[in-house]
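# Structure assessment
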Amino acid sequence: MNLQLATIAIEDKDFYNHGAIDIRGIGRSLYSIIFHQQLQGGSTLTQQLVKNSLLTPERTITRKIKEVILSFATEALYPKNKILEMYLNQVPYGGTSYGVEAASLGFFGKPVKDITLLIHFL
């Protein structure tokens, strides 16, 4: 459960409160790009799943439109918990590690079920 909550907190804190796209996230991203010349993501977990599993990494308007359309289709077909499960099992976590299990084995040498959350205070 910590893994799911941490992923949502980092990648899409409003995952369970919006649909396929997050208008506030898109607005925040556009504001950052226009006024601060800084790229900031505005994609939902669903959009990231679609981008990483079904589309090419090209950065074009056409690819973004496809991403949005496929994200709406994904949200229509699957409940949020299934989308989160697919995200955790398919997105890249560095190098050739796709999914949390492969990342856990690659980085820590143990299955994700054996990883614990440790908090250290300075």
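This structure is a prediction, so every number in the text was calculated from the model and none was measured. Every chain's residues receive numbers from 1 upward, in the order its sequence appears when written. Two thresholds apply to this predicted model, a pLDDT of at least 70 for residue-level local features and 80 or more for giving and counting side-chain atom pairs, whereas whole-chain, interface and lining totals are computed over all residues. Only hydrogens and water are set aside; all other atoms, that is, all heavy atoms of the structure, feed into the side-chain values.

### Describing the pattern of salt bridges
Salt bridges are defined by distance alone: a side-chain nitrogen of Lys or Arg within 4 Å of a carboxyl oxygen of Asp or Glu. Tallying each qualifying case throughout the model produces six salt bridges. Among the ionic pairs, E67 bridges to K64, the shortest N-O distance being 2.9 Å. Of the two residues, E67 and K64 are both situated in helix α4 (residues 61–77); the distance of three residues between them amounts to about one turn of the helix. For E67, a relative accessible area of 0% translates into the label buried. Between E75 and K80 there is a salt bridge; the shortest N-O distance is 3.1 Å. For the pair shown, E75 and K80 are each scored as buried. When salt bridges that share partners are traced, they join R63, K64 and E67 into one network. Here a helix means four or more residues in a row that DSSP labels H or I, a strand means two or more in a row labelled E, and each is numbered from the N terminus. Each residue is assigned to one of three classes by its accessible area relative to the maximum for its type, calculated with a 1.4 Å probe on protein chains only: buried under 20%, partly exposed between the two thresholds, exposed over 50%.

### Description of the packing of aromatic side chains
When two rings of Phe, Tyr or Trp (its six-membered ring) have centres within 6.5 Å they constitute a pair, described as stacked for plane angles under 30 degrees, edge-to-face for angles over 60, and tilted for the intermediate range. One pass over the full model with this rule turns up one aromatic pair. Seen from their ring centres, F15 and Y16 are 4.9 Å apart, and the 70° between their planes marks the pair as edge-to-face. The class for Y16 is partly exposed, based on a relative accessible area of 43%. Only when the NZ atom of a Lys or the CZ atom of an Arg is both within 6 Å of the ring centre and within 35 degrees of the ring normal do we say a charge sits over the ring. Between the NZ or CZ atom of K80 and the centre of the ring of F15, over which it lies, the distance is 4.5 Å.

### Side note on the packing of helix α3 (residues 45–54) against α4
Angles run from 0 to 180 degrees between N-to-C directions of axes, and those axes are lines fitted to C-alpha atoms, restricted for helices to the stretch in contact. Between α3 and α4, the least distance of the axes is 9 Å, while the angle of their chain directions is 115°. Between α3 and α4, the interaxial angle falls into the category roughly perpendicular. The chirality of how α3 crosses α4 is right-handed. Each of T46, Q47, V50, K51 and L54 in α3 lies in contact with α4, whose residues at this interface are R63, K64, E67, V68, L70, S71, T74 and E75. Residue classes follow a fixed rule: Ala, Val, Leu, Ile, Met, Phe, Trp, Tyr, Cys and Pro count as nonpolar, while Asp, Glu, Lys and Arg count as charged, and any other residue, Gly among them, counts as polar. In the contact of α3 with α4, the residues fall into four nonpolar, four polar and five charged. Roughly parallel refers to an angle under 35 degrees, roughly antiparallel to one over 145, roughly perpendicular to one between 65 and 115, and oblique to any angle outside these ranges. For a crossing to be left-handed, the near helix must be turned anticlockwise from the far one by less than a right angle; the clockwise case is right-handed. Any pair of residues with heavy atoms lying within 4.5 Å of one another is described as a contacting pair.

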